[in-house]
Amino acid sequence: MSQTAHAMAGAAPGLRGPISEQDYRERYRYSIESPEAFWREEMQRLDWMRTPEKIINGHFGENHSRIRWFEDGVLNASVNCLDRHLESRGDKPAIIWEGDNADHQRVITYRELHEKTGQFANMLKTLGVKRGDTVTLYMPMIPEAAMAMLACARIGAVHSVVFGGFSPEALAGRISDCTSRVVITADISRRGGKQVPLKKNVDEALAIKGTECVEHVLVVPCGDAPIDWQSRDIDACAMMKEQSAQCAPEEMNAEDPLFILYTSGSTGTPKGLMHTTGGYLLYAAMTHQQIFDLREDDVYWCAADVGWVTGHSYVVYGPLANGATTVMFEGVPSYPDYGRVGEVIDRHNITIFYTSPTAIRAMMGRGDHVMDSSRRDSLRLIGTVGEPINPQAWHFSHQIIGNGRCPIMDTWWQTETGGHMMAPLTDVDKVKPGAAMRPFFGIRPALMDAEGKRIEGEGEGEGSLVIEGSWPGQARTIWGNHERFEETYFSMHPGAYFTGDGAHRDADGDYWITGRIDDVLNVSGHRMGTAEIESALVAHPAVAEAAIVGFPHDMKGQGIYAYITLMQDAEPSEELARELNDVVRRDIGAIAKLDAIQWAPGLPKTRSGKIMRRILRKIAANEVDGLGDISTLSDPEVVEALIRDRIQH
Ligand code: ATP
Ligand code: MG
């Protein structure tokens, strides 16, 4: 697509981004040319019990990477998120919680969060949880999830949060992988007017082989029905009340693990990535403050679940380390209808809203009036993460959700990176909708061509996106399988971290994420990213969402198969199919002919809202027997419909 044609279109001129162009360039250059000095300054953001002297000790090599940051520093993450704010922000709301049912509201100040976390930590200690032990959390989006995470951090235990939508099997695999002795859950979680039986799922998971390590299950009662207590279960709320709020924080080394988090599994078996106490926390806090241009009186809402890395870095650790007010929302954007997001924003006067392209496209699919029940006057910045944001969804965010006033921060990053790696970071009229644009401070991206050679210079190029050099927020290992860590991330291009994503760099040196490398199409020898074609399709007024995959084609090597979800008020037709093909031909070129178009009522998504192309590829290739694990899908029925209506060739 003519990407530059989208630049500036519709963006309000003169809107300031987080950092001025010149400040960004100067600070970025300094971060790359003098990394020791740069990070020595930045580390002051945290309160250290022992200030680090050694700043960077990193090296990426083939199968022997070394990644250490602030390695002689000592700190505690919960102290940084709580204790240090008590004096100046004790009465400031730390968490504003809104339930799935909007009548359920809670406001928790920093002082209260500190006390509750202390009680939670003492409860874990009473159960024998020690420094270095792993604890699995399987929780709803309730403040107790944040308390449990911070309580683990306080006593040096390593948490592993498993998203509350996962099946008992998925939970069991993650419990046994890190051998947790304690599981923290709730009886139920509420989402979209329905109840998810978390405790029942835990009981089922603990009946599966490999989970014998679990001795105690802490249950936070949330529902109205009686709970089916087992002998290993403990009522967490009752037990917390008996605990002292004072819990001396464990003195942790900067490189000690803070948590393990399993990736969402878009591409295969989940990996338990380990993040550290010092580097991770610093990087989460720093990116949160700078990319969102955080101010003291902001009310900040990240709509991600704590089960994802976004929930870790940008619901809990980043905002709390920065002393911000973080909004936790238990529900879903579509309940009771798609106007909910705007209503939550108005109710709490939210100033910064961080969400996903999936959620935006779902709202967009309802038409421009979806936001009519709210004003969103308080909003001043919108962020997105998870997938490339199509220019169409960018404009909807900017013009409809943000009333034309808000910069849109498209943040590219991964579970492995701990925090944002790229974002526009500039004035709105210079932002190119759909581009992640620029590396964050200290991040050195590069592109590798199809032969594995580095594309030199800073101008135009397209290839595999790598990062040349370490940054503090980087994951240090895959829990229990360091070999897999080395192989996955450092063997592909020795000396660089392999992201698995593809990117295009334009003549200005700005980056556009084109999708996962595995998703790149090769049509008659031409390599094409899926993101570009999808963006062209979504720009058509009848299209709400599109997914492109390749399928084996006798003549071209790969043909292009398009799954199209229409806007609520649009109907499929031959004519529309022709129009869509015209759009793609115009924006991408004649080579990008859509060989098959399937009208899809919905697309298979991971629980974090990403399109699962692995499954779409199989359906397109007619290999419908070996779909692999689909238990992590949010809506498995969608797959059946797609199989039934697939286009056979
Ligand atoms: P797995 O690694 O198990 O397959 P996953 O990659 O989906 O799962 P995450 O770490 O949550 O798990 O997602 C990171 C990926 O999401 C990135 O590698 C990229 O493909 C995509 N992504 C995230 N943010 C953006 C963005 N702003 N633009 C484009 N792609 C993005
Ligand atoms: Mg990944």
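Throughout, residues of each chain are indexed from 1 in the direction in which the sequence is written. Lettering of chains starts at A and numbering of ligands starts at 1, both following the order in which they are written. The predicted nature of this model means local features are confined to residues of pLDDT at least 70 and side-chain atom pairs, given and counted, to a pLDDT of 80 or more, with totals for whole chains, interfaces and linings taken over all residues. To get the side-chain values, take all heavy atoms of the structure and skip hydrogens and water.

What counts is decided by this rule: UniProt positions are given in the numbering used here, feature names are shortened, and annotations may be inferred rather than shown by experiment.
Taking an unreviewed UniProt entry as the reference, the protein is identified by name as Acetate--CoA ligase belonging to Kushneria pakistanensis. The heading Sequence similarities (unreviewed entry) in the UniProt record of the protein holds the text "Belongs to the ATP-dependent AMP-binding enzyme family."

1. Some points on the packing of helix H6 (residues 110–126) against helix H7 (residues 143–155)
Going by this rule: Lines fitted to C-alpha atoms define the axes, with helix axes restricted to the stretch in contact, and inter-axis angles between N-to-C directions lie between 0 and 180 degrees. The numbering of helices and of strands both runs from the N terminus, where a helix is a DSSP run of H or I of at least 4 residues and a strand a run of E of at least 2. The hand of a helix crossing depends on one turn: near helix anticlockwise from the far one by less than a right angle means left-handed, and clockwise means right-handed. Residue contacts follow a heavy-atom distance rule, with two residues in contact if any of their heavy atoms lie within 4.5 Å.
Between H6 and H7, the least distance of the axes is 8 Å, while the angle of their chain directions is 60°. When the axes of H6 and H7 are compared, the crossing they make is right-handed. For the pair H6 and H7, contact is made by Leu 113, His 114, Lys 116, Thr 117, Phe 120, Ala 121, Leu 124 and Lys 125 and by Glu 144, Met 147, Ala 148, Leu 150, Ala 151, Cys 152, Arg 154 and Ile 155, respectively.

2. Quick notes on H6
Under the convention used in this document: Expected helix span is computed as 1.5 Å times (number of residues minus one). Only protein chains enter the calculation, and the probe is 1.4 Å; a residue is then buried if its accessible area is under 20% of its type maximum, exposed if over 50%, and partly exposed in between.
For H6, built from 17 residues, the straight-helix expectation of 24 Å at 1.5 Å per residue is met to within 8% by its first-to-last C-alpha distance of 24 Å. Every buried residue belonging to H6 is among Tyr 110, Leu 113, His 114, Thr 117, Gly 118, Gln 119, Phe 120, Ala 121, Asn 122, Met 123 and Leu 124, and all of these are buried. Directly beyond the C-terminal end of H6, a positive phi value near 90° is found at Gly 128.

3. A look at the packing of aromatic side chains
Under the convention used in this document: Pairing of aromatic side chains here covers Phe, Tyr and the six-membered ring of Trp, requires ring centres within 6.5 Å, and sorts the geometry by plane angle: under 30 degrees stacked, over 60 edge-to-face, intermediate tilted. We call a charge positioned over a ring when the NZ of a Lys or the CZ of an Arg lies within 6 Å of the ring centre and within 35 degrees of the ring normal.
The full count for this structure, using the stated rule, is 32 aromatic pairs. On the basis of an interplanar angle of 65° and a centroid distance of 4.8 Å, the ring pair of Phe 292 and Tyr 354 is categorised as edge-to-face. Taken together, the residues Phe 292 in the loop between helix H11 (278–291) and strand E16 (299–302) and Tyr 354 in strand E18 (residues 352–355) connect sequence positions 62 residues apart. Per residue, the accessibility class of Phe 292 equals that of Tyr 354, and both read buried. An aromatic cluster is present here, built from Tyr 24, Tyr 28, Tyr 30, Phe 38, Trp 39, Trp 48, Trp 69, Phe 70, Tyr 283, Phe 440 and Phe 441 joined pairwise through their rings. The ring centre of Trp 97 lies 6.0 Å from the NZ or CZ of Arg 106, which sits over that ring.

4. A short note on the environment of Trp 599
Here Trp 599 lies in strand E32 (residues 596–599). Using a relative accessible area of 26% as the deciding quantity, one classes Trp 599 as partly exposed. Aside from chain neighbours lying at most four places away, what touches Trp 599 is Ile 564, Leu 566, Pro 572, Ser 573, Leu 576, Ala 577 and Leu 580.

5. Quick notes on the UniProt feature "domain: AMP-binding enzyme C-terminal" (unreviewed entry) in the protein
The positions that UniProt labels "domain: AMP-binding enzyme C-terminal" (unreviewed entry) are, in the present scheme, residues 532–610. Helix makes up 27% of residues 532–610 and strand 32%, with an end-to-end C-alpha separation of 16 Å.

6. Things to note about helix H13 (residues 340–348)
Taken as a whole, H13 has its buried residues at Arg 340, Val 341, Gly 342, Val 344, Ile 345 and His 348. On its buried side, H13 packs onto strand E4 (93–98), strand E5 (105–109), E16, strand E17 (325–329), E18 and helix H14 (357–364). Asn 349 occupies a position one or two residues after H13 and carries a positive phi of about 50°.

7. Let's talk about unusual backbone geometry
Across the junction of Tyr 335 and Pro 336, the peptide omega takes the value -5°, indicating a cis bond. Relative to the helices and strands, Pro 336 is located in the loop between E17 and H13. Its identity is not glycine, yet Asp 293 carries a phi of approximately 55°, on the positive side. Here Asp 293 lies in the loop between H11 and E16. A relative accessible area of 19% places Asp 293 in the buried class.

8. So, the sheet that holds strand E15 (residues 272–276)
Selection rule: Two strands form a pair only when DSSP identifies at least two bridges running between them.
An order of E12-E11-E8-E6-E7-E14-E15-E25 is seen for the 8 strands of this open sheet, with the pairing classed as mixed. Edge positions in the sheet fall to strand E12 (233–235) and strand E25 (477–478), since each has one partner strand and no second. Taken together, the 4 bridges between strand E6 (residues 134–138) and strand E8 (residues 182–186) define a ladder with parallel strand orientation. Bridging from a neighbouring strand, Leu 137 pairs with Ile 184 of E8. In the packing of H7 onto the sheet, contacts are made with E6, strand E7 (158–161), E8, strand E11 (216–220) and strand E14 (257–262), and the angle to E6 comes to roughly 175°.

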